[in-house]
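# A closer look at the structure
Each chain, written out:
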Amino acid sequence: MTGLVLRDISKRFGATTVVDQVQLTVPEGGFVCLLGPSGCGKTTLLRMIAGLEAPSTGAVWLDGEDITAVPTHQRNLGMVFQSLALFPHLSVGENIAYPLRIRGRSRAEQARRTEELLNLIHLPGFGDRPVAKLSGGQRQRVAIARALALSPRLFLLDEPLSALDAKLREAMQVELRQLQQRLGITTIVVTHDQREAMTMADLVVVMGEGRIRQVAAPIEIYRHPADAFVADFIGSTNLIELQLDANGRAWAFGCALPGLLAQGPGRATLSIRPEDLQLTAPGDGAPVGRVSFVRDLGATIETFVEVGGKVLVAVTTPRARAQAQPGDAVGVVLPPENCVVLAS
């Protein structure tokens, strides 16, 4: 099988399990984001793929070869660290050519490959420029070019854009994704930024407490989260406790939710995204709440509604805005086609 396969990968430091029985297949040419909060084990998992950490159990396979015991420098990987780790005393071109130089490639090959990569990252003519004279985004591109110098079969990036300001970070997300598509190289990025993962990835791997909680395409994870942890971590959501009766009907805030069926009786959690929650005039059997705050963000408007002791958020565009002000009573409509019932 081509691509990357992780089989029962675990990592323990003493009595602490940091990565717990991870199973993952990354197809050749795929772009995968390991996404999760700080301390969830995503960077440790990346380091085991890179060979910088040895798994406590399990195996790492790449293109049908077990590379678990293969040293990092023999795995033919490209890696970009959060710090970028560029050499300040070398020029841009010398930084890019460094992996070729230490492997004894000829000066002609170094020059040709450096020029090729400078064009690829849209920095032609920058070869003689000092690294200190570059902007943050330019340094990021140089670090990427250096990692690609040896045409690696796997490209690994650990929080590569976290040091950039918000606007530049978003531009670099698109640029990195387009570069990966042009090269067709299997790529794994570690990030805690769900917007970054949604922008770049073919496949998002959501991790929590050392385990994989869900693996799916970004829109699938957003629309159909596996559990409350994933729903709450990916974007914004409203989590509402449900009571399920013996007939499979769901109740929230003392009101039946027509059209929403689930296995019962018992309790469950409902997830509904703020853009799907609808506010109406009170009536028609919908739960009734009171507007506590309205935040106008220009392109969108957030309306906070307190209902049954819980605060829910509805997001609309200015054109579709419900004319509700703080203190107003409103009906809270939960369209069943936009609700996801999560097991407790």
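Residues numbered from 1 in each chain as written. Predicted model: local features only at pLDDT ≥ 70, side-chain atom pairs only at ≥ 80, totals over all residues. Heavy atoms only, no water.

One recurring pattern in soluble globular proteins: nonpolar side chains tend to sit buried together. Core analysis: the largest hydrophobic core is formed by 42 residues, its most contacted members being Val80, Ile144 and Phe155. Broken down by element, this core gets its largest block of residues, 6 residues, from helix α4 (residues 136-148). For Phe155, the residues in contact, after removing those within four places along its chain, are Gly78, Val80, Ile144, Ala147, Leu148, Leu176, Ile185, Thr186, Thr187 and Ile188. Core analysis: the second largest hydrophobic core is formed by 27 residues, Leu4, Val19, Ile49 and Val70 among them. (Core = buried A, V, L, I, M, F, W, Y, C linked by side-chain atoms within 4.5 Å. Buried < 20%, exposed > 50% of the residue type's maximum accessible area, 1.4 Å probe, protein only. Helix = DSSP H or I, 4+ residues; strand = E, 2+ residues; numbered from the N terminus. Contact = heavy atoms within 4.5 Å.)

Across the sheet, 6 strands lie side by side as β6-β7-β8-β3-β9-β10; this open sheet has mixed pairing. Edge positions in the sheet fall to β6 (77-80) and β10 (211-216), since each of these pairs with one other strand and no more. With direction set aside, neighbouring strand axes in the sheet form an average angle of 15 degrees. Bridging between strand β3 (residues 31-35) and strand β8 (residues 186-191) involves 5 bridges; their strand directions are parallel. Residue pairing in the sheet places Val32 in a bridge with Ile188 of β8. Against the sheet, helix α1 (residues 42-50) makes contact with β3, β6, β7 (154-158), β8 and β9 (203-208), and its axis sits at roughly 150 degrees relative to β7, the strand it touches most. Running at roughly 165 degrees to β6, α4 makes contact with β6 and β7 of the sheet. (Pairing = 2+ DSSP bridges. Axes fitted to C-alpha atoms, helices over the stretch in contact; angles between N-to-C directions.)

Turning to the pairing of strand β4 (residues 57-62), a few remarks are in order. In the sheet, strand β1 (residues 4-13) pairs with β4 via 5 bridges, with the strands oriented antiparallel. Paired with Leu6 across the two strands is Val60, which belongs to β4. Linking β4 back to strand β5 (residues 65-66) in an antiparallel pair, the connection comprises 2 residues, with Asp63 at a positive phi of about 50 degrees.

Remark: helix α2 (residues 92-102) packs on helix α3 (residues 107-120), axes separated minimally by 9 Å, with the N-to-C direction vectors making an angle of 125 degrees. As summarised for this structure, α2 and α3 are arranged oblique, according to the angle between their axes. Both α2 and α3 take part in a crossing whose hand is right-handed. Side by side, α2 and α3 meet where Val92, Gly93, Ile96, Ala97, Leu100 and Arg101 of the first sit next to Gln110, Arg113, Thr114, Leu117 and Leu118 of the second. Residue classes in the contact of α2 with α3 are distributed as 6 nonpolar, 3 polar and 2 charged. (Parallel < 35°, antiparallel > 145°, perpendicular 65-115°, else oblique. Left-handed = near helix turned anticlockwise from the far one by under 90°. Nonpolar A, V, L, I, M, F, W, Y, C, P; charged D, E, K, R; others polar.)

The full count for this structure, using the stated rule, is 2 cavities of 30 Å³ or more. What the largest cavity holds in volume is close to 90 Å³. Along its surface, the largest cavity is lined by Leu120, Ile121, His122, Arg141, Ile144, Met172, Glu175, Leu176, Gln178, Leu179 and Arg182. Elements supplying a minimum of two residues to the lining of the largest cavity: α4 and α5 (166-183). The element contributing the most residues to the lining of the largest cavity is α5, with 6 residues. Here the residues of the lining of the largest cavity are counted per class, giving 6 nonpolar, 2 polar and 3 charged. Size it by volume and the second largest cavity reaches roughly 30 Å³. (1 Å grid on protein atoms, 1.4 Å probe; cavity = no way out; pocket = protein on both sides within 12 Å on 5 of 7 lines; lining within 4 Å. Points joined across faces, edges and corners; volume = space filled by probe spheres on them.)

Further remarks concern the packing of α4 against α5. Running from N to C, α4 and α5 cross one another at 25 degrees; their axes reach a closest spacing of 11 Å. Here α4 lies roughly parallel to α5, going by the angle between them. In the packing of α4 onto α5, the handedness of the crossing is right-handed. Together, Gly136, Gly137, Gln140, Arg141, Ile144 and Leu148 of α4 and Leu168, Met172, Glu175, Leu176, Leu179 and Leu183 of α5 make up the contact between the two elements. Classifying every residue of the contact of α4 with α5 by side-chain character gives 7 nonpolar, 3 polar and 2 charged.

On to the packing of aromatic side chains, then. Aromatic ring pairs are described here by two measures, namely the spacing of the ring centres and the angle between the planes. Taken as a whole, this structure holds 3 aromatic pairs when the rule is applied. Where Phe229 meets Phe233, the ring centres are 6.1 Å apart and the plane angle is 5 degrees; that geometry is what we call stacked. On the criterion of helical spacing, the pair formed by Phe229 and Phe233 is a turn pair, its members being 4 residues apart in helix α8 (residues 228-233). Overall, Phe229 belongs to the partly exposed group, its relative accessible area being 26%. A cation over an aromatic ring shows up here: Arg129 above the ring of Phe126, its NZ or CZ 4.0 Å from the ring centre. If you follow Arg213 out to its NZ or CZ, it ends over the ring of Phe229, 4.5 Å from the centre. (Phe/Tyr/Trp six-rings, centres within 6.5 Å; stacked < 30°, edge-to-face > 60°. Lys NZ or Arg CZ within 6 Å of the ring centre and 35° of its normal.)

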